[in-house]
Amino acid sequence: MVYKRYGLEENSDGTWHVIDYHEGRTAEMHGTILNRLPHDVATDLMIILNAEEKRRAEAGQQHPKTHLMASGRYSRRKNLNNYWAVVDAVTGQAVVIDGVVMDMLTEEDAEELVERLNLKDEEGKPFSRP
C-alpha cells in the first residue's frame, strides 16, 4: 500500500511548503518549519520525509505477529537498548506481575508474555504463572 504522509502546497507568493497530512499543517524538520521554499528544495524534503516515514513503518512491522499483538490489550515496546517491556494499553504503563515490572525482557520473552496476557484477557481470566 502506497501512503504519503507529506505533500507539497504552493504559497501565494510562488514558494512552496511541505504539508504534514497527519497534522494538517506545515511540516517541521529538526525544529525548522518547511515553508517558503523553492520547489526543488521542497520536493527533496518531501521525498526524504516520506522515505523516513516508510522506514519507520517498516521497522515497526519487524515481526509477522505484530498486528496480532497490537490488537489486544497488551503489547510490547522496545526500550532504548535491546530489551523490551510489556505494556498495558489501558494504563499506558509497563505491566507488573507479582510486584515485578515486566521490563528488560528479551524479544522472545516479551512476545510470549504478550500472547499469554492477551489470551487470558480475552478469556476473562486473571493471569497466572505456568
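Residues numbered from 1 in each chain as written. Predicted model: local features only at pLDDT ≥ 70, side-chain atom pairs only at ≥ 80, totals over all residues. Heavy atoms only, no water.

Undergrad: Quick question: what am I supposed to make of the overall build of the protein here?
TA: When helices and strands are counted, the protein shows 3 helices and 9 strands. Starting at the N terminus and walking to the C terminus, you meet the elements of the protein as β-β-β-β-β-α-α-β-β-β-β-α. Out of the 130 residues belonging to the protein, those deemed buried represent 30%. Pairs at least 24 residues apart make up 28% of the contacts formed inside the protein by residues separated by at least 6 positions. When the accessible surface of the protein is totalled, it reaches about 9,000 Å², and 52% of it is carbon and sulfur. (Helix = DSSP H or I, 4+ residues; strand = E, 2+ residues; numbered from the N terminus. Buried < 20%, exposed > 50% of the residue type's maximum accessible area, 1.4 Å probe, protein only. Contact = heavy atoms within 4.5 Å. Areas by Shrake-Rupley, 256 points an atom, 1.4 Å probe, with all protein chains shown as cover.)

Undergrad: Can you help me understand the sheet that holds strand 1 (residues 6-10) in this one?
TA: Across a sheet, paired strands are connected by hydrogen bonds in the backbone, their directions being either parallel or antiparallel. Reading across the sheet, the 3 strands line up as 1-2-3 and stay open at both edges, with antiparallel pairing between neighbours. Among the strands making up the open sheet, the edge pair consists of strand 1 and strand 3 (25-26). Seen against the sheet, helix 1 (residues 39-59) touches strand 1 and strand 2 (16-20) and runs at an angle of roughly 160° to strand 1. (Pairing = 2+ DSSP bridges. Axes fitted to C-alpha atoms, helices over the stretch in contact; angles between N-to-C directions.)

Undergrad: Just to check I follow, could you spell out the pairing of strand 1 for this structure?
TA: On a regular strand, each side chain points to the face opposite its neighbour's, so the side chains alternate between the two faces of the sheet. Sheet topology note: the strand 1/strand 2 ladder contains 5 bridges and is antiparallel. Within strand 2, the residue paired with Glu10 across the bridge is Trp16. Taking the residues between adjacent antiparallel strands as the criterion, strand 1 and strand 2 are bridged by 5 residues, where Gly14 takes a positive phi near 90°.

Undergrad: Can you walk me through the confidence of the model for the protein in this structure?
TA: Fine structural detail should not be taken from predicted coordinates in areas where pLDDT scores are low. In the predicted model, the protein carries a mean pLDDT of 82, and 84% of its residues have values of at least 70. Per-residue pLDDT stays below 50 along residues 64-70; that stretch engages in 11 contacts with residues further than four places along the chain or on separate chains. (pLDDT = per-residue confidence, 0-100.)

Undergrad: Where do I start with helix 3 (residues 107-123) in this structure?
TA: The periodicity of an α-helix, 3.6 residues per turn, causes residues three or four places apart in sequence to face the same way. Under the 1.5 Å per step criterion, the end-to-end length of helix 3 is 24 Å for 17 residues, consistent within 8% with the ideal 24 Å. Among the residues of helix 3, those classed as buried are Ala110, Glu111, Leu113, Val114, Leu117 and Asn118. For helix 3, the angular spread of buried residues about the axis comes to 165°, placing them on one side. In the segment just after helix 3, Gly124 is the residue with positive phi, at about 75°. (Expected span 1.5 Å × (residues − 1). Arc of directions from axis to C-beta.)

Undergrad: How should helix 1 be read in this particular structure?
TA: The terminal C-alpha atoms of helix 1 lie 30 Å apart, and with 21 residues this matches the ideal 30 Å at 1.5 Å per residue to within 8%. Listed in full, the buried residues belonging to helix 1 are Ala42, Thr43, Leu45, Met46, Leu49, Asn50 and Glu53. The buried residues of helix 1 all sit within an arc of 165° when viewed along its axis, so they share a single face. Tucked into the core, helix 1 has its buried residues touching strand 1, strand 2 and strand 4 (28-29).

Undergrad: When you look at the packing of aromatic side chains in this model, what are you seeing that I'm missing?
TA: Here the distance between the centres and the angle between the planes together describe a pair of aromatic rings. Scanning the model with the defined rule gives 0 aromatic pairs in all. Arg76 extends its terminal NZ or CZ atom over the ring of Trp84, reaching a point 4.5 Å from the ring centre. (Phe/Tyr/Trp six-rings, centres within 6.5 Å; stacked < 30°, edge-to-face > 60°. Lys NZ or Arg CZ within 6 Å of the ring centre and 35° of its normal.)

Undergrad: Which parts of the structure should I look at to understand the side chain of Glu53?
TA: You can see Glu53 is positioned in helix 1. When neighbours within four sequence positions are excluded, Glu53 is seen to be in contact with Arg5, Tyr6 and His22.

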